[in-house]
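# Structure at a glance
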Amino acid sequence: MPDALSGVRVLDAATLFAGPLAATLLGDFGAEVVKIEHPKGDPVRSHGARRDGVGLWWKMLGRNKKAITLYLGSPEGQEIFRRLAADADVVIENFRPGTLERWGLGYDELKRINPRLVLARVTGFGQTGPYSRRPGFGTLAEAMSGFAAITGEPDGPPTLPPFGLADGIAALTTAFAVMTALRAREATGEGQVVDLAIIEPILTLLGPQIITYDQLGELQARTGNRSHNNAPRNTYRTRDGGWVAISTSAQSIAERVMRLVGRPEFIDEPWFATGAERAEHADELDEAVGSWIAQRDRDEVVKAFEEAEAAVAPIYTAADVMTDPQFAALGTIATVPDDELGPVKMQNVLFRLSRTPGHIDSAGPPLGAHTAEILGRYGVGEAELDELRAKGVVK
């Protein structure tokens, strides 16, 4: 059976994280993704850890993609891009608004060549508004969305995540937006523009903060690992130096936890009846739960919680994830062949489809590995390719 997205052609002309990850997700389920890089390469190739000079983040982000180089700032590069776009279903880009138009590659031009094309424009602040031309990164979205303001200890500074949270959320949203536009194309026969601002999707995931401020004038304060909505909810250290996290979002779970740790009297307190009221007594509940956990090793704590049907999870590192039996049963970690590094392990596709499952066939390829192959499809022969190399249009 063909892959779910077999026949969908995607040009990934974006850099770094949000746009490229969206393209990766589409490629995981069978879309043909051509990664278009400046001849110097996408900066993600040198971002983060390396082995033998090879960027590891790129190996994950560039999986299932064919890599070509093309300098879009040159007339030759622009003409080749038009040829590619004429045969594509989707273009994903993250240049500052107006850049594609300056190159003669704006949507009006691309639509004239290919009316069915979906153009996904992924930028920090969107295509319009007073901030639209500012440089935009996920960090700025994590700041402006309110995420940093509610994250961290009550007496500490606003806290940013140590990874690309806003970019990742934007990537998932972009993939969804692209699929929505492709579905609409089935009805209309025409493509359209996806205008995605990285500052927006993370705001939605932060929950009811906007409506709460609108209706009540209240702002959520930083609470560390605690929650305004339930308690006990925290991370707790075990006797052997491990850590666990527990959640009591359901009343029945909260009652099971207190019985497990030998403090059933809390259940009869009037304030124990709701999560919000329990949160007001977090100090007492954390002391009861924390002291019980501190007298036991991590595995013992997890086993006891499981037997009590209470919600618990060990706090893992990547090393723990690699050996956990549940992740193994799900096939969460895939082993992927790579010509540069040999077999490499990385996160598998995001979900399992029963009839058309996704798959990872290759890790991120070397810079320009498929330039001759892809451009050859569009009439660029070896002699022309040598001329383009001499001019710096391709590498």
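Residues numbered from 1 in each chain as written. Predicted model: local features only at pLDDT ≥ 70, side-chain atom pairs only at ≥ 80, totals over all residues. Heavy atoms only, no water.

Put simply, the test is: UniProt positions are given in the numbering used here, feature names are shortened, and annotations may be inferred rather than shown by experiment.
The name recorded for the chain in an unreviewed UniProt entry is CoA transferase, from Actinomadura nitritigenes. In its Sequence similarities (unreviewed entry) section, the UniProt entry covering the chain states "Belongs to the CoA-transferase III family."

### Some points on the overall build of the chain
We count it as follows: Secondary structure counts use DSSP, requiring at least four H or I residues in a row for a helix and at least two E residues in a row for a strand, with both numbered from the N terminus. Each residue gets one of three labels from its accessible area relative to the maximum for its type: buried under 20%, exposed over 50%, partly exposed in between, using a 1.4 Å probe on protein chains only. Residue contacts are counted whenever heavy atoms from the two residues lie within 4.5 Å of one another. Here, Shrake-Rupley sampling with a 1.4 Å probe gives the accessible areas, and only protein chains in the shown set may cover a residue. His is not counted, nor are the chain ends, whereas Lys and Arg count as positive and Asp and Glu as negative. The atom standing in for a charge is NZ when the residue is Lys, CZ when it is Arg, CG when it is Asp and CD when it is Glu.
Per the secondary structure count, the chain includes 18 helices and 13 strands. Oriented by its inertia axes, the alpha-carbon framework of the chain measures out at about 80 × 50 × 40 Å. Within the span of the chain, comprising 395 residues, buried residues form 44% of the whole. When contacts within the chain are restricted to residue pairs at least 6 apart in sequence, those whose partners lie at least 24 apart make up 68%. Carbon together with sulfur atoms contributes 54% to the accessible area of the chain, which is approximately 19,900 Å² in total. Where the 41 positive side-chain charges of the chain centre and where its 53 negative ones centre are 6 Å apart.

### Comments concerning the layout of surface pockets
To keep things clear, this is the line we draw: The pocket and cavity definitions rest on a 1 Å grid over protein atoms only: a 1.4 Å probe that fits but cannot leave marks a cavity, an open set with protein on both sides within 12 Å along at least five of seven lines marks a pocket, and residues lining either have an atom within 4 Å of a point. Grid points are joined across faces, edges and corners, and a volume is the space filled by probe spheres set on the points. Gly counts as polar in this scheme, as do all residues outside two lists: the nonpolar Ala, Val, Leu, Ile, Met, Phe, Trp, Tyr, Cys and Pro, and the charged Asp, Glu, Lys and Arg.
Roughly 1,100 Å³ of volume is contained in the largest pocket. If you trace the largest pocket, you find 40 residues lining it, with W57, M60, R63, M346 and Q347 closest to the centre. Broken down by secondary-structure element, the contributors of at least two residues to the lining of the largest pocket are α1 (18-28), α2 (56-61), α8 (165-188), α15 (318-323), α16 (325-330) and β13 (344-347). Looking at the lining of the largest pocket, its residues break down into 25 nonpolar, nine polar and six charged. In this model, the second largest pocket occupies a volume close to 910 Å³. For the lining of the second largest pocket, the secondary structure elements donating two or more residues are α7 (147-150), α9 (201-205), α10 (209-216), β9 (234-237) and β10 (243-246). Ranked by the residues each element gives to the lining of the second largest pocket, the list is headed by α10, at four residues. For the lining of the second largest pocket, the residue count by class is 13 nonpolar, 18 polar and three charged.

### Notes on the pattern of salt bridges
Which entries qualify depends on this criterion: Whenever a carboxyl oxygen of Asp or Glu lies within 4 Å of a side-chain nitrogen of Lys or Arg, that contact is scored as a salt bridge.
With the rule as written, the count across this model stands at 33 salt bridges. Note that D338 is salt-bridged to K59, the shortest N-O span being 2.8 Å. Linking D338 in the loop between β12 (333-336) and β13 with K59 in helix α2, this pair joins segments that are 279 residues apart in sequence. On the basis of relative accessibility, which here comes to 11%, the residue D338 falls in the buried class.

### Quick look at the sheet that holds β9
Convention followed: Here, strands pair whenever DSSP counts at least two bridges between them. In this analysis, axes come from line fits to C-alpha atoms, helices being fitted only over the stretch in contact, and the angle between any two N-to-C directions falls in the range 0 to 180 degrees.
The strand order across the open sheet built from three strands is β9-β10-β11, with neighbouring strands paired in antiparallel fashion. If you trace the sheet from one side to the other, it starts and ends with β9 and β11 (312-314), each paired once. Pairwise comparison of adjacent strand axes, ignoring direction, gives a mean angle of 30° for this sheet. Packed onto the sheet, helix α13 (residues 282-294) meets β9 and β10 and runs at close to 35° relative to β9.

### Observations concerning the packing of aromatic side chains
Put simply, the rule is: Whether two aromatic rings pair depends on their centres lying within 6.5 Å, for rings of Phe, Tyr and Trp, where Trp uses its six-membered ring; planes under 30 degrees apart make the pair stacked, over 60 edge-to-face, and the rest tilted.
Applying the stated criterion to the full structure yields seven aromatic pairs. Arranged with centres 4.5 Å apart and planes meeting at 10°, the rings of F29 and F351 form a pair that is stacked. Residue F29 is found in the loop between α1 and β2 (32-37), and its partner F351 is found in the loop between β13 and α17 (371-377); the two are separated by 322 residues along the sequence. With centroids separated by 5.0 Å and ring planes inclined at 80°, the aromatic side chains of F95 and W103 adopt a geometry described as edge-to-face. Taken together, the ring pairs connect F266, W271 and F272 into an aromatic cluster.

### A few points about the sheet that holds strand β6 (residues 90-93)
Taken together, six strands build an open sheet; the order of strands is β5-β2-β1-β6-β7-β8 and the sheet is parallel. With partners counted over all chains shown, the strands left at the sheet margins are β5 (65-69) and β8 (193-197), one partner each. Strand-to-strand twist of the sheet, defined as the mean angle between neighbouring strand axes without regard to direction, takes the value 20°. Here five bridges tie strand β7 (residues 118-123) to β8, and the two strands are oriented parallel to one another. When the sheet's bridge partners are listed, V122 is paired in β8 with L196. The strands touched by helix α3 (residues 75-86) within the sheet are β1 (9-12), β2, β5 and β6, with β1 carrying the most contacts at an inclination of about 150°.

### Focus on a nonpolar patch on the surface
Put simply, the rule reads: Here the term patch refers to residues with relative accessible area over 30% and no salt bridge, with like charges joined within 9 Å and nonpolar side chains (Val, Leu, Ile, Met, Phe, Trp, Tyr) within 5 Å.
Taken together, the side chains of L172, L350, F351 and L353 make up a nonpolar region of the molecular surface, amounting to roughly 360 Å² of accessible area. As for its placement among the helices and strands, L350 is situated in the loop between β13 and α17.

### Some thoughts on the pairing of β9
Residues N234 and Y236 of β9 are buried on one face, while the alternating residues T235 and R237, pointing to the opposite face, are not. The pairing of β9 with β10 spans four bridges and is antiparallel. When the sheet's bridge partners are listed, R237 is paired in β10 with W243. Two successive antiparallel strands, β9 and β10, enclose a turn made up of five residues, where G241 displays a positive phi of approximately 90°.

### Here we look at α13
Where we set the bar: Expected helix span is given by 1.5 Å per residue-to-residue step, counting one fewer step than there are residues.
Taking 1.5 Å of rise per residue, 13 residues should cover 18 Å, and α13 covers 17 Å from first to last C-alpha, within 8% of that figure. At its buried positions, α13 is contacted by β9, β10, α11 (251-260), α12 (275-279) and α14 (298-307).

### What about the packing of α1 against α8?
A pair of packed helices can be characterised by two numbers: the angle between their axes and the separation between those axes. To keep things clear, this is the line we draw: Angle categories are assigned with fixed cut-offs, so that under 35 degrees is roughly parallel, over 145 is roughly antiparallel, 65 to 115 is roughly perpendicular, and the rest are oblique. In this scheme the crossing of two helices becomes right-handed for a clockwise turn of the near helix relative to the far one and left-handed for an anticlockwise turn of less than a right angle.
Running from N to C, α1 and α8 point in directions that differ by 50°, and their axes come no closer than 8 Å. By the angle between their directions, the pair α1 and α8 is classed as oblique. As for the relative orientation of α1 and α8, their crossing is right-handed in sense. In this structure, α1 uses A18, L21, A22, L25 and L26 to contact α8, whose residues at the interface are D167, G168, A170, A171, L172, T174, A175, V178 and M179. Taken together, the residues of the contact of α1 with α8 break down into 11 nonpolar, two polar and one charged.

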